[in-house]
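Fold and contact review
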Amino acid sequence: LNYNSTGAYAMLLAQYGSGWSSRVGVSYASDSSTEFDTEDYKEYYPNLGVMKAVTLSDSVLGIFDASAGKHITDTLNIFKGTDDGNLDNWEMAGSYGLQWNPSERLSFSPQYRLSYKIYDDGNNKDREDLTNMFSLRIAYQLASSVTLDLSSSYTDRSTSGRTGLDFKNMDTGGGLSLTARF
């Protein structure tokens, strides 16, 4: 299958002298089939959040982030030809990460994120997801506009609230990228 994905985000951000910031925003995402010329998934995600950055040493920055929002989805149920709102959910999340720069070119960024979702429509009504994610990003600046990134993550998700459909899921993965800015 061949899909085109689209994403956009608009945000208002307020930064305060104490290291805190607050934001309100909305994101949009969609997946469209180029084979059938259909938009099979789209999502609007209005959300708000706060963030606090704290300097822990000359080379380490701690970053706390918390957010809440509503995922409003439109998905095609291939058996009924309609959208049942199966993926609509409220999400609350928090994360804490470090950014350690042992040199001008090298940085390590470990992070932990906890997310709680409750689904409120369709077949998934009253479903709850609890997701724990650990990630690590290692970046090395090859030149002033070229960065090499190595990233890895581990995710553990538990789902409950749906009789007979409770499950646990664990994922792990990694990636390597080269980024050039012009």
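Described in the following lines is the structure provided in the data block. Predicted model, so just to flag it, every value in this text is computed and none were measured.

**Quick notes on unusual backbone geometry**
Despite not being glycine, Asp 37 shows a phi value in the positive range, around 55°. Looking at where Asp 37 falls in the secondary structure, it is placed in the loop between strand E2 (20–33) and strand E3 (38–55). Of note, the phi angle at Asp 126 is positive, near 75°, even though the residue is not glycine. Locating Asp 126 in the fold gives a position in the loop between strand E6 (106–119) and strand E7 (128–143). Of the residues examined, Asp 126 reaches a relative accessible area of 45% and is grouped as partly exposed.

**Looking at the pattern of salt bridges**
One pass over the structure, following the stated rule, counts 7 salt bridges. Of the charged contacts, one joins Lys 42 and Glu 39 as a salt bridge, the two residues approaching to 3.9 Å between their closest N and O atoms. Between Lys 70 and Asp 120 there is a salt bridge; the shortest N-O distance is 2.5 Å. With Lys 70 in strand E4 (residues 60–75) and Asp 120 in the loop between E6 and E7, this residue pair connects regions lying 50 residues apart in the sequence. A network of salt bridges, in which partner residues are shared, links Arg 127, Asp 129 and Arg 157.

Definitions and cut-offs
Residues numbered from 1 in each chain as written. Predicted model: local features only at pLDDT ≥ 70, side-chain atom pairs only at ≥ 80, totals over all residues. Heavy atoms only, no water. Helix = DSSP H or I, 4+ residues; strand = E, 2+ residues; numbered from the N terminus. Buried < 20%, exposed > 50% of the residue type's maximum accessible area, 1.4 Å probe, protein only. Salt bridge = Lys/Arg side-chain N within 4 Å of Asp/Glu carboxyl O.

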